[in-house]
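Chain and residue survey
This is what each chain is made of:
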2 protein chains.
Amino acid sequence: MEVPLSAGPGTPTRTPATPADARRTPIPGTPEFTAAVQDRLVEFFATRRPIVEPLGPVFVDAADALERFVLRGGKRTRPAFAWTGWLGAGGDPDSAEAGAVLAACSALELVQACALIHDDIIDSSRTRRGFATVHVDFEQRHGERGWSGDAAHFGASVAILIGDLALAWADDLVHAAGLPPAALARFAPVWAQMRTEVLGGQLLDINGEAVGDESVEAALRINRYKTAAYTVERPLHLGAAIAAADRDLIAAYRTFGTDIGVAFQLRDDLLGVFGDPEVTGKPSGDDLREGKRTVLLAEALRRADATDPSAAHLLRTSIGTDLGADDVTRLRAVLTELGAVDEVERRIADLTDRGLAAIDSSSATPAAKEQLRGMALAATRRTA
Amino acid sequence: MEVPLSAGPGTPTRTPATPADARRTPIPGTPEFTAAVQDRLVEFFATRRPIVEPLGPVFVDAADALERFVLRGGKRTRPAFAWTGWLGAGGDPDSAEAGAVLAACSALELVQACALIHDDIIDSSRTRRGFATVHVDFEQRHGERGWSGDAAHFGASVAILIGDLALAWADDLVHAAGLPPAALARFAPVWAQMRTEVLGGQLLDINGEAVGDESVEAALRINRYKTAAYTVERPLHLGAAIAAADRDLIAAYRTFGTDIGVAFQLRDDLLGVFGDPEVTGKPSGDDLREGKRTVLLAEALRRADATDPSAAHLLRTSIGTDLGADDVTRLRAVLTELGAVDEVERRIADLTDRGLAAIDSSSATPAAKEQLRGMALAATRRTA
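Reading guide: rules and limits
Residues numbered from 1 in each chain as written. Chains lettered and ligands numbered in written order. Predicted model: local features only at pLDDT ≥ 70, side-chain atom pairs only at ≥ 80, totals over all residues. Heavy atoms only, no water. Salt bridge = Lys/Arg side-chain N within 4 Å of Asp/Glu carboxyl O. Helix = DSSP H or I, 4+ residues; strand = E, 2+ residues; numbered from the N terminus. Buried < 20%, exposed > 50% of the residue type's maximum accessible area, 1.4 Å probe, protein only. Contact = heavy atoms within 4.5 Å. Polar contact = N/O pair within 3.5 Å; in protein donor to acceptor, adjacent residues only side chain to side chain. Least-squares fit on C-alpha atoms with pLDDT ≥ 70 in both. Domains from an automatic or database assignment. Buried area = accessible area lost by both parts, 1.4 Å probe. Nonpolar A, V, L, I, M, F, W, Y, C, P; charged D, E, K, R; others polar.

Section: the pattern of salt bridges
For the structure shown, the criterion picks out 59 salt bridges over all chains. The salt bridge involving Asp286 of chain A is made with Arg289 of chain A; its shortest N-O contact spans 3.4 Å. Placement of both Asp286 of chain A and Arg289 of chain A in helix H12 (residues 286-290) is noted, with a separation of three residues, approximately one turn of the helix. When the shortest N-O distance is used, the salt bridge between Asp120 of chain B and Arg128 of chain B registers 2.8 Å. By the burial criterion, Asp120 of chain B is buried, and Arg128 of chain B matches it. Because the salt bridges share partners, they merge into one network encompassing Glu299, Arg302, Arg303, Glu343, Arg346 and Arg347 of chain A.

What about the interface of chain B and chain A?
The interface of chain B with chain A comprises 54 residues on the first partner and 54 residues on the second. Arg195 of chain B is the partner of Asp172 of chain A in a salt bridge, and the nearest nitrogen-oxygen pair spans 2.8 Å. Where chain B packs against chain A, one counts 17 residue pairs in polar contact (both at pLDDT 80 or more). Elements with a minimum of two residues in the side of chain B that touches chain A: helix H1 (31-52), helix H2 (57-71), helix H5 (108-122), helix H7 (151-176), helix H8 (181-211) and helix H9 (216-242) of chain B. With 19 residues, H8 of chain B is the largest single contributor of residues to the side of chain B that touches chain A.

What to know about the relation of the copies chain B and chain A
With an RMSD of 0.0 Å, the operation that places chain B on chain A is a rotation of 180 degrees combined with a shift of 0.0 Å along the axis. Such a combination of turn and shift is consistent with a two-fold rotation axis. Residue Pro181 of chain B, judged by its C-alpha, is the member of chain B lying nearest the rotation axis, at 3.0 Å. Mapped onto chain A, 100% of the interface residues of chain B are again interface residues, and the two copies thus contact each other with one and the same surface.

Remarks on the side chain of Glu233 of chain B
Residues and elements named next belong to chain B. The topology assignment puts Glu233 in helix H9. Classification of Glu233 as buried rests on a relative accessible area of 1%. Polar contacts involving the side chain of Glu233 include one to the side chain of Thr258, which spans 3.3 Å. Sequence-distant contacts of Glu233, defined by excluding residues within four places in its chain, comprise Arg224, Ala228, Arg254, Gly257 and Thr258.

With respect to the domain arrangement of chain A
Residue and element names in this part refer to chain A. As far as domains go, chain A holds domain 1 (28-73 + 108-176) and domain 2 (181-384). Buried area between domain 1 and domain 2, summed over both chains or domains, comes out near 1100 Å², and the portion from carbon and sulfur atoms is 66%. For the pair domain 1 and domain 2, the interface holds two salt bridges. A salt bridge links Asp119 to Lys226; the shortest N-O distance between them is 3.3 Å. Inspection of the domain 1/domain 2 interface yields six residue pairs in polar contact (both at pLDDT 80 or more). Only helix H5 (108-122) and helix H7 (151-176) provide two or more residues apiece to the side of domain 1 that touches domain 2. The element that contributes the greatest number of residues to the side of domain 1 that touches domain 2 is H5, accounting for six residues. A class-by-class count of the residues in the side of domain 1 that touches domain 2 yields seven nonpolar, two polar and two charged.

What follows is the structure in structure tokens.
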């Protein structure tokens with residue numbers, strides 16, 4: 001589910017943090033931007049040490065695990081949208097406030113850390129970005145050291161608490177960012193909305209899987225809340241709130257964010273089935289093997305139920321099983337022949353057009369429009 | 001671990017919420033106080049509905065489960081200490097600010113909900129206060145409805161997300177309480193410290209259990225962070241921070257909070273072994289059966305290792321097993337004969353004296369001193 005929105009560079013190298021950083025006017029997607037976010041996060045983790053250390057080395061170790069997890073994170077997509085939202089609403093990157101804004105935007109990476117750490121427990125994922133997931137890391141430590149009790153339960157327990165810590169620290173970073181009180185007061189309700197929405201989206205996701213909901217509507221709703229609202233819409237809205245943007249610009253941002261966010265997820269779904277493993281870094285057809293409940297699959301099932309019962313049967317009996325290369329090829333052909341791929345491409349095109357139109361006709365600054373157009377196209381036309 | 005600090009009434013009945021509520025100057029421990037906290041929580045949950053409902057009935061259901069969990073909660077101990085801390089530092093219950101202060105204090109109940117819901121997953125607890133725990137509730141729904149996948153994993157997954165929601169909403173309630181910006185700025189770092197400490201305390205607890213740490217120091221450190229800081233010290237500190245209390249009063253509150261909080265836990269440990277099941281509501285000697293790593297047990301093991309190897313062997317081989325009534329009686333006698341019970345009683349007395357002395361010589365208001373004295377004695381001398 002977690003794929004960077006732009007094909008930017010890898011984990012940025014650490015550069016020294018200075019208050020002047022923010023004045024470099026970092027442009028989202030550039031190494032300067034990811035480095036500036038990284039600096040804010042490094043600074044924040046340093047402020048936690050005096051709270052963590054009195055509890056002793058075991059807790060220091062857990063906090064370090066969280067820090068490593070966050071600092072090796074990807075493209076800083078959510079902070080990038082938040083920062084762009086602020087700039088586009090007239091935020092001045094040369095103002096004294098800019099550093100505080102960037103810090104508040106960076107807090108999104110801590111919410112994301114909680115979401116990923118807890119998601120990995122829920123999905124029983126063993127690795128993430130080539131590293132053991134947090135619960136597996138602590139499960140392995142337990143096993144290696146021969147501690148008592150169940151190693152897997154221990155790992156999950158520690159990861160629950162480390163995820164909680166990330167969520168609590170996200171708020172702490174918002175509070176400590178140094179936003180003016182009026183900006184913080186505008187920020188808080190959007191922040192609240194976003195956190196509730198992403199948790200709700202995750203809940204709908206696991207519920208849909210348990211219930212076996214195959215509808216297009218269910219898949220779209222999960223995309224809306226678990227991905228679009230959380231990754232694009234609310235980050236832009238947060239930036240706009242800090243800048244005291246007017247209703248119209250917020251509405252334009254939200255339309256853009258919802259449409260581009262959903263389109264991004266639909267592209268991700270297509271890549272999960274048709275993507276080149278050399279480019280995506282994931283085995284070919286991995287989503288089919290995992291049985292991911294995507295709009296693509298829901299659309300295919302809807303069509304197959306109406307016109308081709310044997311295709312419907314094939315999809316239902318093979319998706320989510322241990323598929324060979326030939327099976328994947330066959331399922332790809334079925335999805336294409338049913339017209340589901342074209343339908344999803346059509347949705348992506350429509351959503352992208354609508355999202356871009358909302359931004360074009362908005363009062364966002366020309367530079368932000370340009371930036372958002374680039375981010376939207378990178379997210380919806382990408383091949384990886 | 002979670003035992004009310006005072007033998008107050010049960011779940012308060014709901015009374016209509018009006019802005020005038022706070023002006024009743026509710027006294028902690030009284031039904032009026034618990035009802036006033038309840039009102040703030042009910043009001044807050046109502047404000048979440050417009051955010052929750054657009055996601056549909058599945059999420060509404062989960063949010064309802066959280067609301068029921070929180071509203072059936074106990075004595076509102078943490079809000080009571082926070083409110084008393086504020087009053088004792090000169091907070092005026094007749095001021096316009098009082099309602100906001102009570103709302104901010106009530107947010108502690110949402111942190112507590114997260115802690116309990118996640119703790120119940122970690123401890124594999126099946127019931128709490130006579131109800132199925134949240135993860136068991138959703139496990140049972142899964143089973144009853146014949147959904148696909150593992151019911152226990154589904155239950156734990158939903159409970160992880162509902163606990164996260166509680167933690168996020170705790171912050172949302174703080175932000176939405178309406179504290180003046182300067183008060184909120186003083187509140188935030190203490191709030192941050194408290195959340196980090198309780199998560200650290202929980203982590204130390206599960207780590208100590210896995211590692212088999214039998215030391216008195218380890219048990220005391222867990223008491224300090226998992227119970228004392230979180231239940232008494234930081235709540236008082238939060239109240240003091242809102243009221244802009246001076247350093248000396250904050251120091252006195254913190255000494256009182258740490259000492260009384262630890263003494264409370266030591267009393268709880270004694271009751272877990274020697275308490276009358278008719279009064280505690282738990283089976284006699286339950287902590288022995290569960291193998292809870294208490295200061296009492298650590299002290300007994302330390303003494304037995306030095307003077308009575310056969311007692312040490314008995315303790316290590318029987319604690320944490322399925323004990324009969326005779327075994328419990330025998331273990332009680334061993335703990336007493338080793339002098340561990342007297343030692344814990346001595347610690348309770350010393351801590352209580354020191355905590356009360358700190359408050360007596362502080363600048364807290366006479367009413368707050370009286371109130372805190374009563375709360376301290378109820379917590380450390382109680383029989384249930």
